[in-house]
Amino acid sequence: MRSARGRLTAELRSAREPSEAQLHRFGEFLNRTYQRKVPLHWEKDESLRSGFRLQVGSDVYDWTLDGRVRQFTDYLRQIQPGEADLLPLMRQAARDWSLAVVPEEIGQVLTVDSEIATVGGLEHAQYGEILLFSSGVRGMVMDLRRGELSCILFGGGEEVSAGSIVRRTLKTAGMPVGDGFLGRVVDALGVPIDGKGRIHAESYRPIEAPAPGILDRQPVNTPMETGILTIDSMFPIGRGQRELIIGDRQTGKTAIAIDAILNQKGKGVVCVYVAIGQKTSSIAQLVENLSRRGAMEYTAVVSACAGDSAALQYIAPYAGCALAEYFMYQGQDVLIVYDDLSKHAIAYRALSLLLERSPGREAYPGDVFYLHSRLLERAAHLSDELGGGSMTALPIVETQAGDVSAYIPTNIISITDGQIFLESELFFAGQRPAVNVGLSVSRVGGDAQTRAMKSAAGAIRLELAQYREMEVFTQFSSDLDEATKRQLSYGQGLMRLLRQSQYAPFSQHQQVAALTAALHHVMQDVPLDEMERFRTELLEQLEEELPDLCRRIDLTGLLTEEDREELLALSRRFLASWQAAGKRGG
C-alpha cells in the first residue's frame, strides 16, 4: 500500500496477532526485498482462519490456505495444461511442489459500466492480458492509462462490483486446441456448448499471433474446390487465399460457405466455421445440416451468438483462427469461414465507444482496419520447411442495399484476394447462387485452377459479359436479327446452366463435362426450363459410359484433346437421343 504522500507501506492481515519475533522477520524480509525500510502495521482479520496475507503496494504475499491452494493449482496447470489422469499427476505434483515466496499483484475494481471494468492497482498488467475477478469472471485488458486500466468482461457485468478484488493471470487470451475439437461446437473461450462433455485439449494457442512472414509462405497454386460451378470456373479459390463473400442479407452468402465445407468431404481438409452475432437457432440448424451430411467429422464450430457479450463476439474470430492455425502448423489444409465480419466490427465499435475511444467514420474507431487485417493476414500457404500446411479464409460481409463502398466492405475488399459479390436482383430472379459476374473477382485467378478446369472454362466470363451487355442494349430494341437472338439464347442458357441447388456441390469431372458441352454450344437449343434436367441426365450418362475418364479428370486434373473430343461426342449423342425422346413424347 502507499501512504498519502506516495510512500510505500506494508499491511499484514491475520486472525492472530504476530509476535515481536515474527514482526522482526517480516521487517527484514521487506527491507531485503524492496531495498528500503518499509513501515509495517498489523490488522486483525477474522476471515483468515490460518496463515496471513501481506500487502505491499500492489504486491500481495498470500500465505493463507486459499492462497496456497491457488498457487498449487497454478503449478498443476503449468506442468499439465490439458487433461490427463489427474490422480497420479497430483500425487507427483504434491511431492515436487514447494510454496514460493513470490508476490501476487492485486488490483481493485473502480467502476463497472456494462461490459467494461476499470481497475486500479495493477501497475504491471499488459495489453491483452487476462484478469481474474473475485466472482470468477474473466476479463481482457484493452486500455492502459496512468494509474488504472480498462478491461472487457467475458461474463456478465452484473457479477462484478466496484471494490472487488482483481488478480493477474500473467497470460494473454488463448484458445485450447486439439483434434478433439473436430465435430464439436464451442464458445469463443473454447468451452463446449453442445452438451457432449469436455474436450481433451492437446495444447493452448494465443488468440492473437503474428501472421507468417513472406519467407514463411509459398505461392497459392493448389485449388480449394467449392463444388460451386460459378465460383470454380470463374473465380477460383486457392489454398491459402482470402476470398470475401459479400452481399445483402438473405442472398445466399452462408449457403456458399456451407457448400464449400460440404465439398471438402474426403479431401483431407479441416474446416472451422466461426459464427458471430447469429441467432442460436440458426447455428443449431447449420450444425444439424452439417451433421446430417457427414461434414461435422472434419469441422469445428466456434459460436458467439447474438445473445453473447460484445467481448465474446470480438474475440470469436481470433479464437477460431488460433484453432485453425493449430491444424495448419501440423501440415494440414484448413478452410475457415468468418460469418460475418460486419457483425464483428459492430461488436468492436460498441466496445471501443464504451472504452471512450474517439469515433471516426460511421462511429468506428480508427483502428478498425487493423482489426480485420491482422486476422485475415494469418491465412497463408506455409513453406515446406514449416510443413506446407495452409489456411484458406472465407470472410463474409453483409452490405446495405448493395453498397460495397461503405466503410467495412471497402476495408475488407482491400485486405482480401478477391470477392464474390451476391446480387439481390439475381437472387430474386431465381439465379442461385446469385453471383454478379461483373463485380466478382479472384486475384489468384487461373493459378488456383487445374488444367482441366482452366481448359473447360475457357472464355465463359467473356461470353457472359457480352451477354449482359447485349441484354441491356436489347431492352431498347424490339427488332432483333437472328444472330443477336441466338447470342441472347446462348447467354441465357449459360446463366441457367450456372444455377445450382444448395447442398449439391459438383465434383471436378462434372464441372468440366458441363462446361465443355455448354461452351461448344451443345446445349444451345435446350429449352431453358429443361436445362437442369438435361445437365443432370447428361452427367449421369457420362459417369455410366466413361467412368475411367471421370476418374482420370478427378485424380490428375488434366483434360487432353482426346478426352475433350470424347466428352463432346458423348454430349452430342446424348443431345440427339434426348431431342428424339422429347419429340416422341410430344
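Residues numbered from 1 in each chain as written. Predicted model: local features only at pLDDT ≥ 70, side-chain atom pairs only at ≥ 80, totals over all residues. Heavy atoms only, no water.

Let's talk about the overall build of the protein
(1) Moving on: Assigned secondary structure in the protein consists of 18 helices and 20 strands.
(2) Moving on: Summarising its shape, the C-alpha atoms of the protein cover approximately 110 × 55 × 45 Å along the three principal directions.
(3) Moving on: Out of the 586 residues belonging to the protein, those deemed buried represent 51%.
(4) Moving on: Counted over contacts in the protein with a minimum sequence separation of 6, partners at least 24 positions apart contribute 73%.
(5) Moving on: Accessible surface for the protein amounts to roughly 27,700 Å². Of this, 51% is attributable to carbon and sulfur atoms. (Helix = DSSP H or I, 4+ residues; strand = E, 2+ residues; numbered from the N terminus. Buried < 20%, exposed > 50% of the residue type's maximum accessible area, 1.4 Å probe, protein only. Contact = heavy atoms within 4.5 Å. Areas by Shrake-Rupley, 256 points an atom, 1.4 Å probe, with all protein chains shown as cover.)

Quick word on the nonpolar core
(1) Moving on: Core analysis: the biggest nonpolar cluster contains 79 residues, and Ile261 and Met523 have the highest contact counts within it.
(2) Moving on: Counting residues per element, this core draws most heavily on helix α15 (residues 508–519), at 7 residues.
(3) Moving on: Not counting residues within four places of it along the chain, the set of residues in contact with Ile261 comprises Cys271, Tyr273, Leu290, Ala295, Tyr298, Thr299, Leu335 and Val337.
(4) Moving on: One finds Phe154, Ala310, Ala379 and Val397 within the second-largest nonpolar core, a separate group that totals 65 residues. (Core = buried A, V, L, I, M, F, W, Y, C linked by side-chain atoms within 4.5 Å.)

Details of helix α9 (residues 368–376)
(1) Moving on: In terms of burial, α9 is largely enclosed, as 7 of its 9 residues are buried.
(2) Moving on: In this structure, the buried residues of α9 make contact with α7 (310–328), β17 (333–339), α8 (341–354), β18 (390–398) and α10 (407–415).

As for the packing of aromatic side chains
(1) Moving on: Under the definition given, this model contains 7 aromatic pairs.
(2) Moving on: Aromatic side chains Tyr314 and Tyr348 sit 5.3 Å apart centroid to centroid with 25° between the ring planes, which places their arrangement in the stacked category. Of this pair, Tyr314 sits in helix α7 while Tyr348 sits in helix α8; the two residues are 34 residues apart in sequence, bridging distant segments of the chain. Here Tyr314 matches Tyr348 in class, with each residue buried.
(3) Moving on: One aromatic cluster in this structure is built from Tyr314, Tyr318 and Tyr348.
(4) Moving on: A cation over an aromatic ring shows up here: Arg293 above the ring of Tyr503, its NZ or CZ 3.9 Å from the ring centre.
(5) Moving on: Sitting above the plane of the Tyr370 ring, Arg374 keeps its charged end 4.9 Å from the centroid. (Phe/Tyr/Trp six-rings, centres within 6.5 Å; stacked < 30°, edge-to-face > 60°. Lys NZ or Arg CZ within 6 Å of the ring centre and 35° of its normal.)

Description of the sheet that holds β18
(1) Moving on: Ordered by their spatial adjacency, 8 strands build an open sheet running β12-β16-β15-β17-β18-β14-β19-β20, and the pairing between neighbours is mixed. Edge positions in the open sheet fall to β12 (185–186) and β20 (441–442), since each of these has one partner strand only.
(2) Moving on: The sheet contact formed by β12 and strand β16 (residues 299–304) spans 2 bridges and is parallel. Its bridge partner lying in β16, Val186 is registered against Val302.
(3) Moving on: Contacting β15 (269–276), β17 and β18, α8 runs over the sheet at an angle of about 75° to β18. (Pairing = 2+ DSSP bridges. Axes fitted to C-alpha atoms, helices over the stretch in contact; angles between N-to-C directions.)

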